Amino acid sequence: EADPESMSVGYGGLPDRDGHVTLDACIMDHTGNCGSVSFLQHIKHPISVARKVMDDTPHVMLSGSGALKFAIEKGFPKEELLTDKARKLWKEWLKDSQYKPIINVENHDTIGLLALDQNGDISGACTTSGLSYKMHGRVGDSPIIGAGMFVDNEVGGCCATGVGEAVMKTLGSFLIVELMRQGASPQEACEEAVRRIVTTNPNHTNFQVAYIAINKAGETGCYCIHPGFKMMKYANGENTPITAGSHLK
Ligand code: GLY
């Protein structure tokens, strides 16, 4: 979130079509507790605000000006998040103002994390500046528990990236966890969730969705519509990049 070179989250994220950087994030722990923020502006670390919503309030989601007010009360600094680089790209986009997200660039846009700790407990988080050049006010899948991310510590966890609308319509992360509950491996569950999007969206050739999943045994899976999505698996002190299989070859 703090890295301006990563233009799909936090500081340096690409703005909406009106030039505002608006952020979504959510977090869920092994007890089923969760917190999220949506349409949050001016705060570099929305995931930390989501954490505060989880830990310090009786609510799950805070949005927009309410989320900003809460963040400021919690001591987060109010900052300008639009960098010169992002402003330049936005001004360039304004010349045509064509809304056609570039696959694996402008719609591969969420940082999602799933963790299995030494006690065998699973938790997850995701954070994003959402689709570049979206309509002002648009909220994607990433702050929606069950869409952009879901954990059930009896079963496993899942995170999504890509065009949030397709993920929200199928409640993809919840679906994947429920498929694992019924016996699917993380890989099989990710493939089935992508298949549902593909079969109900004839225009799926125009957008990307990718899922990562983990179960209680530490088995993982990932799958996407278009080739090009990678996840990083960290285990036993080592990071291993894994290229996801894809529906389109
Ligand atoms: N997956 C992130 C978004 O659609 O905003």
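Residues numbered from 1 in each chain as written. Predicted model: local features only at pLDDT ≥ 70, side-chain atom pairs only at ≥ 80, totals over all residues. Heavy atoms only, no water.

Draft legend 1. Inspection of the side chain of threonine 161 at higher detail. With respect to the helices, strands and loops of the structure, threonine 161 is situated in strand E7 (residues 156-162). Overall, threonine 161 belongs to the buried group, its relative accessible area being 4%. Among the polar contacts made by the side chain of threonine 161, one reaches the main-chain amide nitrogen of threonine 110 at a distance of 3.1 Å. (Helix = DSSP H or I, 4+ residues; strand = E, 2+ residues; numbered from the N terminus. Buried < 20%, exposed > 50% of the residue type's maximum accessible area, 1.4 Å probe, protein only. Polar contact = N/O pair within 3.5 Å; in protein donor to acceptor, adjacent residues only side chain to side chain.)

Draft legend 2. The arrangement of the packing of helix H1 (residues 46-56) against helix H2 (residues 64-73) in detail. Remark: H1 packs on H2, axes separated minimally by 10 Å, with the N-to-C direction vectors making an angle of 85°. When the axes of H1 and H2 are compared, the pair comes out roughly perpendicular. Together, Val49, Lys52 and Val53 of H1 and Ala67, Phe70 and Ala71 of H2 make up the contact between the two elements. Across the contact of H1 with H2, the residue classes tally to 5 nonpolar, no polar and 1 charged. (Axes fitted to C-alpha atoms, helices over the stretch in contact; angles between N-to-C directions. Parallel < 35°, antiparallel > 145°, perpendicular 65-115°, else oblique. Contact = heavy atoms within 4.5 Å. Nonpolar A, V, L, I, M, F, W, Y, C, P; charged D, E, K, R; others polar.)

Draft legend 3. Representation of unusual backbone geometry within the structure. For phenylalanine 39, which is not glycine, the phi dihedral falls at a positive 50°. Position of phenylalanine 39 among the secondary structure elements: in strand E2 (residues 34-40). In this structure, serine 97 is a non-glycine residue whose phi angle is positive, near 50°. Position of serine 97 relative to the elements: it lies in the loop between helix H3 (84-94) and strand E4 (110-116). Classification of serine 97 by relative accessible area gives partly exposed; the value is 38%.

Draft legend 4. Quick look at the sheet that holds E4. One open sheet holds the 5 strands; their spatial order is E3-E2-E1-E5-E4, and the pairing between them is mixed. Single-partner strands in this sheet number two, and they are strand E3 (61-63) and E4. In this sheet, adjacent strand axes meet at a mean angle of 5° when their direction is disregarded. Set on the sheet, H1 makes contact with strand E1 (23-28), E2, E3 and strand E5 (122-128); between it and E2 the angle comes to about 135°. (Pairing = 2+ DSSP bridges.)

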